[in-house]
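What the coordinates show
Listed here are the chains, written in short residue letters.
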Amino acid sequence: MMRQAGRYLPEYRAVREKAGDFLTLCYTPDYTVEVTLQPIRRFGFDAAILFSDILVVPHALGVPLTFEAGEGPRLRPVTNGDELAGLREGLDASKIDRVFEAVTRIRAELPEETALLGFCGAPWTIATYMIAGRGTPDQAPARLASLRDPAFFGALIDRIVEASIGYLVGQFRAGADAVQIFDSWAGVLDPEAFRRWSIAPIARIVAGVRAQVPGARIIAFPKGATLSGLTELVAATGVNGVGLDWTAERRATRYALGAKCALQGNLDPLTLIAGGAALDAAVDSIVEDFRGASHIFNLGHGIRPETPISHVERMIARVRGS
């Protein structure tokens, strides 16, 4: 379940308070292992998802990063070639090796039948945060940068691609069974920009990872992508699966892609909050639309902090009973 270790769990909030700040939580293996395993203990999910954040990659490249309560991440913006040149060429091992240590320890503590999923952010999404220094409603700063100075923007994407390859390879070597590439802001791109700034960089990451980890299993989640965009992405990248947000038309997607890759999703996180008959109906519809296909039941985006735990339990029971 997307963001299955998080603020909706009281045991997570207790560890978060003990850690003191979010980055300490991400870079302290004892904390990372604990919060990753918490939802497995409580719900028995089929897979554990490494607890981390997509922005550890720019942080490990030398971008100052903080998380402000109630406001989200804050980074020192990277807006031109000189600022890009001031970053590290490779990832800071003093930070990233702690993540790899956590992966190894999590894998050792998980039951053999429970998969461990790692992840990274897609280059387009990471670039949007690096240029604006924060999330913005439509990521206009990054879109403008890609139009005004495509040479700089391309160099930024290149740096993120190379860093992401190393980061994912490290997760696989530490014990991850599969990884997911999150392009959370793919939906703001027009078709041409989607091909250039989302599909092409993801394809390079997949190829780069598989050159070092043959057969690596990789899922892409381009939130907001159209069916034609998803189809192009699968053909160009060769990913093993694609995540679908809650707006995806399930039957059309199954018809177009069901024989080519696994499909993941796509319950609306608000439906999980609503619970009751609405939740039951949505779960039944998703299960039926994907019945017989290679499908991973999941949310269509991250679980929200106000989600009642009883609703999660109800969803799991209904999926497993279907």
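On a predicted model such as this, the values are computed, not experimentally measured, just so you know. (Residues numbered from 1 in each chain as written. Predicted model: local features only at pLDDT ≥ 70, side-chain atom pairs only at ≥ 80, totals over all residues. Heavy atoms only, no water.)

Applying the stated criterion across every chain, the model contains 17 salt bridges. One salt bridge connects R41 with E34, and the closest N-O pair in it is separated by 3.0 Å. Close ionic contact of R143 with D138 constitutes a salt bridge, the shortest N to O distance being 3.7 Å. On the basis of relative accessible area, R143 is assigned to the partly exposed category, the value being 30%. Bridged by salt links that share partners, the residues D280, D284, R314 and R318 form one connected network. (Salt bridge = Lys/Arg side-chain N within 4 Å of Asp/Glu carboxyl O. Buried < 20%, exposed > 50% of the residue type's maximum accessible area, 1.4 Å probe, protein only.)

Turning our attention to helix α11 (residues 227-237). What sets the pattern is the α-helix's 3.6 residues per turn: residues three or four places apart point alike. Looking only at α11, the buried set comprises G229, L230, L233, V234 and T237. Each buried residue of α11 lies within a common arc of 135 degrees when the element is viewed along its axis, so the set occupies one face. If you follow the buried residues of α11, they end up packed against α10 (191-212), β6 (218-222), β7 (241-243) and α12 (250-257). At the exit of α11 stands G238, carrying a positive phi of roughly 70 degrees. (Helix = DSSP H or I, 4+ residues; strand = E, 2+ residues; numbered from the N terminus. Arc of directions from axis to C-beta. Contact = heavy atoms within 4.5 Å.)

Further remarks concern the packing of helix α14 (residues 276-290) against helix α15 (residues 309-321). It is at 10 Å that the axes of α14 and α15 come closest, and there the two elements cross at 35 degrees. Considering how the two elements wind past one another, α14 and α15 form a crossing that is right-handed. For the pair α14 and α15, the contacting residues are G276, A277, L279, D280, V283 and D284 in the first and H311, R314, M315, R318 and V319 in the second. Classifying every residue of the contact of α14 with α15 by side-chain character gives five nonpolar, two polar and four charged. (Axes fitted to C-alpha atoms, helices over the stretch in contact; angles between N-to-C directions. Left-handed = near helix turned anticlockwise from the far one by under 90°. Nonpolar A, V, L, I, M, F, W, Y, C, P; charged D, E, K, R; others polar.)

This paragraph deals with the nonpolar core. By size, the foremost hydrophobic cluster in this structure holds 110 residues, and its most contacted members are V242 and M315. It is helix α9 (residues 150-174) that provides the largest number of residues to this core, a total of 13 residues. Those residues in contact with M315, other than ones at most four positions away along the chain, are M1, L267, L272, L279, V283, F297 and L299. (Core = buried A, V, L, I, M, F, W, Y, C linked by side-chain atoms within 4.5 Å.)

In the UniProt entry, the feature "domain: Uroporphyrinogen decarboxylase (URO-D)" (unreviewed entry) is given for residues 117-133. Between the C-alpha atoms that bound residues 117-133 the distance is 27 Å, and the span itself is 59% helix and 29% strand. (UniProt positions renumbered as here; feature names shortened; annotations may be inferred.)

The seven strands lie next to each other as β1-β4-β5-β6-β7-β8-β9, forming an open sheet whose pairing is parallel. Every other strand in the sheet has two partners, leaving β1 (47-49) and β9 (295-299) as the edge strands with one partner each. This sheet shows a mean twist of 25 degrees between the axes of neighbouring strands, independent of strand direction. (Pairing = 2+ DSSP bridges.)

Moving on to the environment of L23. Residue position: L23 is located in helix α2 (residues 22-27). Taking the relative accessible area as the measure of exposure, L23 reaches 13% and is therefore buried. As a C-alpha pair, L23 and L65 span 42 residues in sequence and 8.7 Å in three-dimensional space. Setting aside anything within four residues of it in sequence, one finds L23 in contact with H59, L65 and F67.

Across its 17 residues, helix α6 (residues 93-109) extends 24 Å between first and last C-alpha, which sits within 8% of the 24 Å expected from 1.5 Å per residue. Of the positions making up α6, those classed as buried are K95, I96, V99, F100, A102, V103, I106 and R107. Down the axis of α6, the sector holding all buried residues measures 155 degrees, keeping them to one side. Along its buried surface, α6 packs onto α2, α3 (29-43), α4 (56-60), β4 (115-121) and α9. (Expected span 1.5 Å × (residues − 1).)

What follows covers the state of the cysteines. Across all of its chains, the model carries zero disulfides by this definition. C120 supplies the cysteine sulfur nearest to C26, a cysteine that is in no disulfide, at a spacing of 15 Å. Here C261 stays unpaired: no disulfide links it, and the sulfur of C120, its closest cysteine neighbor, is 18 Å away. (Disulfide = S-S within 2.5 Å.)

On to the packing of aromatic side chains. The tally for this structure, following the rule as stated, stands at ten aromatic pairs. Ring geometry for F22 against F51: centres 5.8 Å apart, planes inclined by 65 degrees, an arrangement best described as edge-to-face. Of this pair, F22 sits in helix α2 while F51 sits in the loop between β1 and α4, and the two are 29 residues apart along the sequence. The same class applies to F22 as to F51, namely buried. On the basis of an interplanar angle of 75 degrees and a centroid distance of 6.0 Å, the ring pair of F182 and F221 is categorised as edge-to-face. With F182 in strand β5 (residues 178-183) and F221 in strand β6, this pair connects stretches of sequence that are 39 residues apart. Each of the two residues, F182 as well as F221, counts as buried. Among the aromatic residues, those joined into a cluster by ring pairs are Y12, F22, F51 and F67. (Phe/Tyr/Trp six-rings, centres within 6.5 Å; stacked < 30°, edge-to-face > 60°.)

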